[in-house]
Amino acid sequence: MRIDVLTIFPQYLAPLELSLIGKAQRDGLLDVRVHDLREFAHDRHRTVDDTPYGGGAGMVMKPEPWAAALDALVAPAKGSAVAVASASASATPLLIVPGPAGRPFTQAFAAELATRPWLAFACGRYEGIDERVYEYAADDLGLRVEVVSLGDYVLNGGEVAVLAMVEAIARLVPGVVGNAESLVEESHSDGLLEYPVYTKPASWRGRDVPPVLLGGDHGRIAAWRRERSIERTVARRPDLLPAAALTGLPSDDVEG
Ligand SMILES: Nc1ccccc1-c1cnco1
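Since the model is a prediction, treat every value here as computed from it, not as a measurement. (Residues numbered from 1 in each chain as written. Predicted model: local features only at pLDDT ≥ 70, side-chain atom pairs only at ≥ 80, totals over all residues. Heavy atoms only, no water.)

### Regarding the sheet that holds strand E6 (residues 118-122)
Pairing within the open sheet is parallel, and its five strands lie in the order E2-E1-E6-E5-E7. On the outer flanks of this sheet lie strand E2 (31-36) and strand E7 (145-149), each paired with one strand and no other. On average, adjacent strands in this sheet sit at an angle of 30° to one another, irrespective of strand direction. Across three bridges, strand E5 (residues 94-104) lies against E6 in parallel orientation. Looking at E6, one finds that Ile96 is bridged to Phe121. The strands that helix H2 (residues 63-74) touches are strand E1 (2-7), E2, E5 and E6; relative to E1, the one it contacts most, it runs at about 160°. (Pairing = 2+ DSSP bridges. Helix = DSSP H or I, 4+ residues; strand = E, 2+ residues; numbered from the N terminus. Axes fitted to C-alpha atoms, helices over the stretch in contact; angles between N-to-C directions. Contact = heavy atoms within 4.5 Å.)

Shown next, in the form of structure tokens:
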């Protein structure tokens, strides 16, 4: 998977060189390219923002640098001999723009994005990006554009959201997470929140690990874990329950 990030703060994306994502790049599973938007601002001061038409506080990101950056991103791929010849290669990326007015970013959406060969992230700042950039990307460059929100809160820019999304997406790319089994039982993988986990020592400051987990009966352990997941989801995220295919509701016959 190729991942491009357009930002005025490329250093913000330095963490993508670390840990799992960094290793995946070194292993050739990910090709992450961070681009400084100011390199596409061609006036003397490399201006990327200006005051909003219609008045109001703050600044809006100018369309010209974004259009130049997007052109540079997709032009080489569009129509190039390589792209045309290898039908499997995606000639254009899916453009993801983090924003508070976007569709919710969910595990299901991350899984969909993890199947894409090429993603591009546009990090807005200030009061946002001139609306004509979204139109240009879709209408002139033929890109699918998705505005995506991490939640109902306000950030200063898209970079932090991109770090979160890239981690959530990249870890689902085959080979990135060493033990794919660990992806199976996670929060949201079955529509529920994950069960509580324990490790050694079995007794710690007067608190014991639930005996069922020490017994080795995998059926009883699975049932206990399912009950704890449902309990936790009811307590913390009841909104998830309607979509979760609930079987094996909590019963009293499995002690903790
Ligand atoms: N508030 C923001 C400002 C700029 C870019 C993204 C966001 C965002 C993303 N998810 C929630 O907020």
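### Points about the pattern of salt bridges
As enumerated under the stated definition, the model contains 13 salt bridges in all. Between Glu227 and Arg228 there is a salt bridge, with the nearest N and O atoms lying 3.6 Å from each other. For Arg228, a relative accessible area of 15% corresponds to the buried category. Because the salt bridges share partners, they merge into one network encompassing Arg103, Glu112, Arg144 and Glu146. (Salt bridge = Lys/Arg side-chain N within 4 Å of Asp/Glu carboxyl O. Buried < 20%, exposed > 50% of the residue type's maximum accessible area, 1.4 Å probe, protein only.)

### Notes on the environment of Thr115
Mapped onto the fold, Thr115 is located in the loop between helix H4 (107-113) and E6. Residue Thr115 is classed as exposed on the basis of its relative accessible area, which comes to 64%. Separated by 18 residues in the primary sequence, Thr115 and Val97 place their C-alpha atoms 18 Å from one another. Polar contacts involving the side chain of Thr115 include one to the main-chain carbonyl oxygen of Glu112, which spans 2.6 Å. (Polar contact = N/O pair within 3.5 Å; in protein donor to acceptor, adjacent residues only side chain to side chain.)

### Examining unusual backbone geometry
Of the consecutive residues Lys200 and Pro201, the connecting peptide bond is found in the cis state with omega at 5°. The phi dihedral of Ser19 falls on the positive side, at around 45°, and the residue is not glycine. Looking at where Ser19 falls in the secondary structure, it is placed in helix H1 (residues 19-26). The class for Ser19 is exposed, based on a relative accessible area of 62%. One non-glycine residue, Arg205, lies in the positive phi region at around 50°.

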